[in-house]
Amino acid sequence: MSTQVILQGFVVLHLIGLLLFAGTSVADFAGYRQFWKQYSLDKSKAAVMLQTVGGFHILMRIGIGLIILSGIGLMYMTHGVFGEQLWFRVKFGLVILIILNTFLYGRRQKILLEKSIAGPETGIQKIKENIRLFHIVQLLIVFIILLLSVFKFN
Ligand code: HEM
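Because the structure is a prediction, the values reported are computed rather than measured.

Draft legend 1. View of the overall build of the protein. Within the protein, the secondary structure is distributed over five helices and zero strands. If you list the helices and strands of the protein from N to C, you get α-α-α-α-α. Dimensions of the protein along its principal axes, counting C-alpha atoms only, are 60 × 30 × 20 Å. Scored against the burial criterion, the 154 residues of the protein give a buried share of 35%. A separation threshold of at least 6 residues defines the contact pool for the protein, and within that pool the share at least 24 residues apart is 79%. Carbon and sulfur atoms make up 72% of the accessible area of the protein, which totals about 9400 Å². One finds the centroid of the 15 positive side-chain charges in the protein at a distance of 4 Å from the centroid of its 6 negative side-chain charges.

Draft legend 2. Quick peek at the site of the ligand. Lining the immediate environment of the ligand, one finds 17 residues, of which His 14, Leu 18, Ile 67, Lys 91 and Lys 152 sit closest. His 14 places a polar side-chain atom, nitrogen or oxygen, 2.7 Å from a nitrogen atom of the ligand. Sorting the residues of the shell around the ligand by element identifies α1 (3–41), α3 (56–77), α4 (86–118) and α5 (124–151) as the ones contributing at least two each. Ranked by residue count, the leading element in the shell around the ligand is α3, at five residues. Of the residues belonging to the shell around the ligand, the class tally is twelve nonpolar, three polar and two charged.

Draft legend 3. Representation of the UniProt feature "transmembrane region" (unreviewed entry) in the protein in the model. Per the UniProt entry, the sites bearing "transmembrane region" (unreviewed entry) are residues 6–27, 48–74, 86–106 and 133–151 in this numbering. Counting secondary structure, residues 48–74 comes out at 96% helix and 0% strand; the distance between its end C-alpha atoms is 41 Å. Helix makes up 100% of residues 133–151 and strand 0%. Its end C-alpha atoms lie 27 Å apart.

Draft legend 4. Up close: the nonpolar core. Phe 21, Leu 94, Ile 98, Ile 141 and Ile 145 are the most contacted members of the largest nonpolar core, which has 13 residues in total. Going through the elements one at a time, α3, α4 and α5 are the ones with two or more residues in this core. Excluding residues within four positions of it along the chain, Leu 94 makes contact with Ile 141, Ile 144, Ile 145 and Leu 148.

Draft legend 5. How the structure looks around the packing of α3 against α4. Where α3 contacts α4, the axes come no closer than 12 Å and their chain directions differ by 160 degrees. Overall, the two elements α3 and α4 adopt an arrangement that is roughly antiparallel. Crossing of α3 over α4 shows left-handed handedness. Contacts between α3 and α4 involve His 57, Met 60, Arg 61, Ile 64, Ile 68 and Met 75 on the former and, on the latter, Phe 88, Ile 98, Ile 99, Thr 102, Phe 103, Arg 107 and Lys 110.

Draft legend 6. Structural context of the packing of aromatic side chains. All told, the structure shown has eight aromatic pairs when counted by the stated rule. Judged by centre distance (6.2 Å) and plane angle (70 degrees), the rings of Tyr 32 and Phe 35 are edge-to-face. Taken together, the residues Tyr 32 and Phe 35, both in helix α1 and three residues apart, mark about one turn of the helix. When the ring of Phe 82 is compared with that of Trp 87, the centres are 5.4 Å apart and the planes differ by 70 degrees; the resulting orientation is edge-to-face.

Draft legend 7. Looking closely at a nonpolar patch on the surface. The grouping of Leu 140, Phe 143, Ile 144, Leu 146, Leu 147, Val 150, Phe 151 and Phe 153 at the surface amounts to a nonpolar patch, some 770 Å² of accessible area in total. If you trace the backbone, Phe 153 turns up in the segment after α5.

Draft legend 8. Layout of α1. The end-to-end C-alpha distance of α1, which contains 39 residues, comes to 57 Å, matching closely the 57 Å that a straight helix rising 1.5 Å per residue would cover. What α1 keeps buried is the set His 14, Gly 17, Phe 21, Thr 24, Ser 25, Asp 28, Gly 31, Tyr 32, Phe 35, Trp 36, Gln 38 and Tyr 39. Looking at the buried residues of α1, the elements they touch are α2 (43–54), α3, α4 and α5.

Draft legend 9. Seen up close, the coordination of the iron atom of the ligand. Every protein donor of the iron atom of the ligand is listed here as His 14 (NE2) and Lys 91 (NZ), and their distances to the metal cover 1.9 to 2.0 Å. One can describe the donor arrangement at the iron atom of the ligand as octahedral, given that its six donor atoms subtend angles of 85 to 178 degrees at the metal. Here Lys 91 lies in helix α4 and His 14 lies in helix α1, a separation of 77 residues in the sequence. As far as burial versus exposure is concerned, His 14 and Lys 91 are alike and both buried.

Conventions adopted
- Residues numbered from 1 in each chain as written.
- Predicted model: local features only at pLDDT ≥ 70, side-chain atom pairs only at ≥ 80, totals over all residues.
- Heavy atoms only, no water.
- Helix = DSSP H or I, 4+ residues; strand = E, 2+ residues; numbered from the N terminus.
- Buried < 20%, exposed > 50% of the residue type's maximum accessible area, 1.4 Å probe, protein only.
- Contact = heavy atoms within 4.5 Å.
- Areas by Shrake-Rupley, 256 points an atom, 1.4 Å probe, with all protein chains shown as cover.
- Lys, Arg positive; Asp, Glu negative; His and termini not counted.
- Charge placed at Lys NZ, Arg CZ, Asp CG, Glu CD.
- Near = heavy atom within 4 Å.
- Polar contact = N/O pair within 3.5 Å; in protein donor to acceptor, adjacent residues only side chain to side chain.
- Nonpolar A, V, L, I, M, F, W, Y, C, P; charged D, E, K, R; others polar.
- UniProt positions renumbered as here; feature names shortened; annotations may be inferred.
- Core = buried A, V, L, I, M, F, W, Y, C linked by side-chain atoms within 4.5 Å.
- Axes fitted to C-alpha atoms, helices over the stretch in contact; angles between N-to-C directions.
- Parallel < 35°, antiparallel > 145°, perpendicular 65-115°, else oblique.
- Left-handed = near helix turned anticlockwise from the far one by under 90°.
- Phe/Tyr/Trp six-rings, centres within 6.5 Å; stacked < 30°, edge-to-face > 60°.
- Patch = residues over 30% accessible without salt bridge, like charges linked within 9 Å, V, L, I, M, F, W, Y side chains within 5 Å.
- Salt bridge = Lys/Arg side-chain N within 4 Å of Asp/Glu carboxyl O.
- Expected span 1.5 Å × (residues − 1).
- Donors = N, O, S within 2.8 Å, 3.2 Å for Na, K, Ca; no water.
- Tetrahedral: all angles 85-135°; square planar, octahedral: opposite > 155°, others 65-115°.

Structural data, given as structure tokens:
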């Protein structure tokens, strides 16, 4: 198999990972918007919705895992040349930020929400604002990473 085909194979895997991660991030954002609408009307129905939306984080994990593994493959196949370039360094920093945002900040807020609606409702408004902030940061970073990756500004 030629190196060009292997490189293209990693790009395909990278884009499948992106599709999964960015796709579920948008679905998560839309799902939580629906959840809050339902929450003000019928709390028990909203709790069922939350279970469905709650499953998205597994797909996000698979997506980011695929992105990172194929990204390492791309670095290997391109002999690390991009590692020297500014766009890649900024992108790498943003990838770390998005991982922290997803698995530390976002996940924590969602667990707090699940606990809060299962028991006595405490600080639900604050959690709502935090989850909104999580989504804004998430989608903004994905967009900037996409711009950097495609235009490769230097
Ligand atoms: C959320 C995280 C990420 C997103 C959304 C993303 C997205 C993309 C996109 C859209 C491209 C352009 C593909 C093309 O031009 O054909 C790309 C290229 C690339 N990515 Fe990522 N990426 C991410 C994370 C990573 C990571 C963690 C690494 C390295 C460990 C990496 C390494 C690379 C390399 C080396 C290229 C250039 C490939 C080439 O043009 O030959 N990416 N990325």
